[in-house]
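# Structural overview
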Amino acid sequence: MEIHFNNWQGWSFFFCLCMCGAICESFRYSVPEEKKSGTVVANVLKDLKVDVKELSARRGKLVFEGTKQYFQLDLHSGNVILDDRLDREALCGHKDPCVLLSEIVLENPLQVHRIEVQIEDVNDNSPKFSKKEYLFQIPEHTATNTKFPMESAEDPDRGENAVQNYTLSPNDHFQLYVQSHNDGTKSAELVLKKQLDREEESRLFLTLLAVDGGNPKRTGTAQITIEVLDSNDNAPNFDKDVYKVKLMENSPLGSFVIKMEAADQDFGSNAEISYSFSQVPDDIQRVFKLNKNTGELTVAENIDYEINQNYAVNIKATDGGGLSAYCKVIVEIEDRNDNAPEVMLTSLTSLLPEASPLDTVVALLRVTDRDSGDNGRTACTTEANLPFMLKASENNYYQLVTQQPLDRERASEYNITITATDWGSPRLTSTRIINVQISDVNDNAPVFENTFFDMQLHENNIPGLLIGLVKARDLDTAQNAKVTYSLLPGKISDQPVSSYVSINSETGNLYAIRSVDYEQVKDFQVTVRAVDSGSPPLSSEVMVRVVVMDENDNAPFILYPLQNGTSPSNDLVPRGAEAGYLVTKVVAVDRDSGQNSWLSYELLKATEPGLFSVGAQNGEVKTMRPINKRDTLKQKLIIGVRDNGHPPQSTSATLSILLVDGFSDPYMKMVDIPKEEVVEREDRNLTMYLVICLATISFVFLISMVVFVAIKIYKRKKFIESSAINFPVGPNFPENCGDADAGSLSRAYNYEVCLAGGSLNSEFRFLRPFFPVFSVEPAQSQGAQRISSGSQDLSSHEAESHLRSQVRM
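Quick notes on the rules
Residues numbered from 1 in each chain as written. Predicted model: local features only at pLDDT ≥ 70, side-chain atom pairs only at ≥ 80, totals over all residues. Heavy atoms only, no water. Helix = DSSP H or I, 4+ residues; strand = E, 2+ residues; numbered from the N terminus. Buried < 20%, exposed > 50% of the residue type's maximum accessible area, 1.4 Å probe, protein only. Contact = heavy atoms within 4.5 Å. Areas by Shrake-Rupley, 256 points an atom, 1.4 Å probe, with all protein chains shown as cover. pLDDT = per-residue confidence, 0-100. Core = buried A, V, L, I, M, F, W, Y, C linked by side-chain atoms within 4.5 Å. Pairing = 2+ DSSP bridges. Axes fitted to C-alpha atoms, helices over the stretch in contact; angles between N-to-C directions. Disulfide = S-S within 2.5 Å. Phe/Tyr/Trp six-rings, centres within 6.5 Å; stacked < 30°, edge-to-face > 60°. Polar contact = N/O pair within 3.5 Å; in protein donor to acceptor, adjacent residues only side chain to side chain. Salt bridge = Lys/Arg side-chain N within 4 Å of Asp/Glu carboxyl O. Patch = residues over 30% accessible without salt bridge, like charges linked within 9 Å, V, L, I, M, F, W, Y side chains within 5 Å. Lys, Arg positive; Asp, Glu negative; His and termini not counted. Charge placed at Lys NZ, Arg CZ, Asp CG, Glu CD.

This brings us to the overall build of the protein. Scanning the protein from terminus to terminus reveals eight helices and 53 strands. Residues classed as buried in the protein amount to 39% of the 809 residues present. Relative to all contacts within the protein whose residues are 6 or more apart in sequence, the contacts with residues 24 or more apart total 67%. By element, 51% of the accessible surface of the protein is carried by carbon and sulfur atoms, the whole surface being about 45200 Å².

The next thing to look at is the environment of E394. Relative to the helices and strands, E394 resides in the loop between β28 (388-392) and β29 (397-402). Separated by 28 residues in the primary sequence, E394 and R366 have C-alpha atoms spaced 9.7 Å apart.

This part covers the confidence of the model for the protein. On average, residues of the protein score 80 in pLDDT, and 82% of them are at 70 or above. Below a pLDDT of 50 lies the segment residues 1-24, which in the model reaches 35 contacts outside its immediate sequence neighbourhood of four places, other chains included.

Right, let's talk about the nonpolar core for a bit. If you look at the biggest cluster of nonpolar residues, it comprises 28 residues, and the most contacted ones within it are F238, V257, M260, F288, I315, V329 and V331. Elements supplying a minimum of two residues to this core: β16 (242-248), β17 (256-259), α5 (282-287), β20 (288-290), β21 (296-299), β22 (310-318) and β23 (324-334). For this core, the element with the most residues is β23, which contributes five residues. Setting aside anything within four residues of it in sequence, one finds V329 in contact with Y243, V245, I258, M260, L297, Y311, A312, V313 and I315.

Strand order in the open sheet made by the four strands is β25-β31-β30-β27, with mixed pairing throughout. The open sheet terminates on both sides in strands that have one partner only, identified here as β25 (351-353) and β27 (378-382). Strand-to-strand twist across the sheet, computed as the mean angle between neighbouring axes with direction ignored, equals 35 degrees.

Bringing the sheet that holds strand β1 (residues 25-32) into the picture now. Ordered by their spatial adjacency, four strands build an open sheet running β1-β7-β6-β3, and the pairing between neighbours is mixed. Across the chains shown, the open sheet's two edge strands, defined by having one partner strand only, are β1 and β3 (61-64). On average, each strand axis in the sheet is tilted by 30 degrees relative to the strand beside it, whichever way the strands run. Relative to strand β6 (residues 99-106), β3 is paired through four bridges, and the arrangement is antiparallel. Counted as the bridge partner of L62 is I104 from β6.

Counting across every chain of the model gives one disulfide. Disulfide pairing places C92 opposite C98 at an S-S distance of 1.8 Å. Across the S-S bond linking C92 and C98, the dihedral sits near 65 degrees, which makes this disulfide right-handed. With a relative accessible area of 1%, C98 lands in the buried category.

A full pass over the atoms with the stated rule returns 11 aromatic pairs. Judged by centre distance (5.2 Å) and plane angle (80 degrees), the ring pair of F388 and Y414 falls under edge-to-face. Of the two residues, F388 is situated in strand β28 and Y414 in strand β30 (residues 413-422); the sequence distance between them amounts to 26 residues. A relative accessible area of 2% places F388 in the buried class.

With respect to the helices and strands, N339 occurs in the loop between β23 and β24 (342-348). Assessed through its relative accessible area of 15%, N339 is described here as buried. In terms of polar contacts, N339 uses its side chain to reach the side chain of D338, at 2.9 Å. Engagement of the side chain of N339 in a polar contact is seen with the side chain of D371, the distance being 2.8 Å. Beyond its immediate sequence surroundings of up to four residues, N339 is in contact with E306, D369, R370, D371, D422 and L428.

With respect to the secondary-structure elements, N442 resides in the loop between β31 (429-439) and β32 (447-448). Polar contacts involving the side chain of N442 include one to the main-chain carbonyl oxygen of P536, which spans 2.8 Å. Leave out the neighbours within four places in its chain, and N442 touches D476, N480, D532, G534, S535, P536, P537 and L538.

What follows covers the pattern of salt bridges. Using the criterion set out here, one finds 18 salt bridges in the structure. A salt bridge links D454 to R545, with the nearest nitrogen and oxygen atoms 3.5 Å apart. Taken as a pair, D454 in strand β33 (residues 452-458) and R545 in strand β42 (residues 539-549) lie far apart in primary sequence, 91 residues in all. On the basis of relative accessible area, R545 is assigned to the partly exposed category, the value being 27%. Counted as one network, the salt bridges with shared partners bring together R59, K61 and E107.

This part covers the environment of A262. By the element assignment, A262 lies in strand β18 (residues 262-263). Note: C-alpha distance between A262 and F238 (24 residues apart in sequence) is 4.4 Å. When neighbours within four sequence positions are excluded, A262 is seen to be in contact with P236, N237, F238, I273, Y275 and A317.

Within the secondary structure, A478 sits in the loop between β35 (472-473) and β36 (483-487). On a C-alpha basis, the gap between A478 and D440 in space is 8.4 Å, while along the polypeptide they are 38 residues apart.

A word on unusual backbone geometry. Going from N108 to P109, the amide bond is cis rather than trans, its omega being 0 degrees. Among the secondary structure elements, P109 is positioned in the loop between β6 and β7 (111-120). Going from N215 to P216, the amide bond is cis rather than trans, its omega being 5 degrees. Within the fold, P216 resides in the loop between β13 (203-212) and β14 (219-229). At A478, a residue that is not glycine, the phi angle is positive and equals roughly 55 degrees. Residue classification places A478 among the exposed residues on the basis of a relative accessible area of 66%. Located in the positive-phi region is S493, a residue other than glycine, with phi close to 55 degrees.

Bringing a negative patch on the surface into the picture now. Taken together, D172, E199, E200 and E201 make up a surface patch of like negative charges. Mapped onto the elements, E201 comes out in the loop between β12 (186-192) and β13. Taking the relative accessible area as the measure of exposure, E201 reaches 35% and is therefore partly exposed.

A grouping of F557, L559, Y560, V587 and V589 is seen on the molecular surface, where their side chains present a nonpolar patch of about 410 Å² in accessible area. Breaking the nonpolar patch down by element, the ones donating at least two residues are β43 (557-560) and β46 (587-589). Residue contributions to the nonpolar patch peak at three residues, all from β43. Tracing the backbone shows V587 in strand β46.

This is how it looks when you write it as structure tokens:
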């Protein structure tokens, strides 16, 4: 397990913040090593001055500098709990005290509290020498009180649990001198108290015991063999006791570090010096390589400043006679910018509402760099042209906050690249991409595809027929984009809108509720509202105009002449009428519209096919040729009227026309007179004609009535006296019934003449006779008598016919 702690860098930055006046409140706790997982280290509620509810609401987090999490923060109790068993020696090695640094981060508002947990040592390691046996070759004439340094025993424990004392087995020549150093460590030296004599004893065997201060105490032993040599007068000598050298980290293997040289005044083999490590731990011996012949120290393993910033190496120089000299080499490691900054994401709001206010915290980040000095100083930036920005906070924390309003409809998510750059040379950078999803807020009302809808509906439709589709789109998502449709209240021909149309609330389909008649409703308008399902709901409205399309469902209707089943009126045409004479005009209408109401006229049937014609467009009935005496007295015309629909509908009108003699009409003859002249002449004479006509007609009418009444009374009286037979009396005789002798009409017609200025034609209205006309047909048995006495009766009959002719005139 490889753990890296840049303790010096972290404390330097911490003190720098405090010196600059930054808010940095630290809490210190301790926990013994080797405690099992789940052990409670401390409760932080009192120190943070918050309760459990506030701790959870502010999303408290325990953040470590490295990737390994040693503790967990329980938000439900505020306890800091061990996540795994701790081994102080594995975590901190030779560092004392062993402190794990972390931070408690509280949001809203942002607060950062430093947590220092000291790992207390327990006596779980015994002192241990690097070798089980040490060999010392000492010349026999070595002076007393000569000191021989011993390799210190290594005990990973610290404090009282580290090595506290050394003891030596009893002997006559050596004593053990234990020396205490400023760093709390102890070292032992063999001191010669009695001169050696190789002839008496060539070898000595001693036992060195290292004892720690734990409870219970632990010990470690090493065997010392003293080999007594012949005399060597001069020992090697270094020019310095301590050598200091600086070495750049990540130096290549084999790089030169330093060369130590020791001098010996002896000659021969006693002056041959060899170099070796003295009391150097194995991990240091792996880092450096010492040339035993030249004393040159080189790099044997990669050197990492972040693991160790300096090394202390003890070098021993031994001559051929066994005499030794010692020196210390202190290697200071210089930092190289070999670590890129690290961006650690502490907190992230992955789903951000689009209506979030400005300066909303989206993410909390921390940037660290394991290098030191300028190599460890960092700057953090983000991409431009984004609605987010970074705000620097204390202790290398950065807040990613919103700086512009968010609109999910424009961008539903953002991939934000955070770039951290150090100040080293060359500068190193690292990036981290943060994905932020924008959640929808109901900020868009439904929008119709058109600002106004025009639809068509054919009349006489079946109920439930689809009229058209009204569609609205909502730029929001999910429930905020679900649109429902409804009709606003209104009136159509004094009826509620809902009685004519309905709308599907989900699809927007507009349906006709009942059949529509174009002749009653030609068009109507309804207002459709679209409402989304957001909270609060938003809506929009649109006007829909439905145009009713006409169907040819109405046949033409005859306005003139009336076709009401009663006795049809007769139109009089003088026998002197020439071709082109306007007899009458058929007037018809059609309730449909457009081409369905375009009417055309045609002559379907006539008594005399070649005598009359009908205008196809205006329905005017005119003569096609002059009337002659062979033409039948009563003409019957059947005129058809047809519209232009599909399929066409038609109706017919029946005209009765009587051809009469002696009919006077000053405009009977068609003369091609310019219209302007006719109007001018008629304007001058109209009043005079009207007065003359009115006086003449009134006078003739009174004389005729007097004569007529007198004759009738006379004939009736005579008839009653001469005959006992009752004759039928009444006006409803057949129309073409005439006198056999006289050959004239048997009924008298009464008429009015209406003359309009500017017209060459006359319009007539025929009235039924004021008085009944009596026709007497004697019985066959009396025929001879009636015929033989006919001179008088014939005279009377001729007189009556003459009167009738005058009435007709």
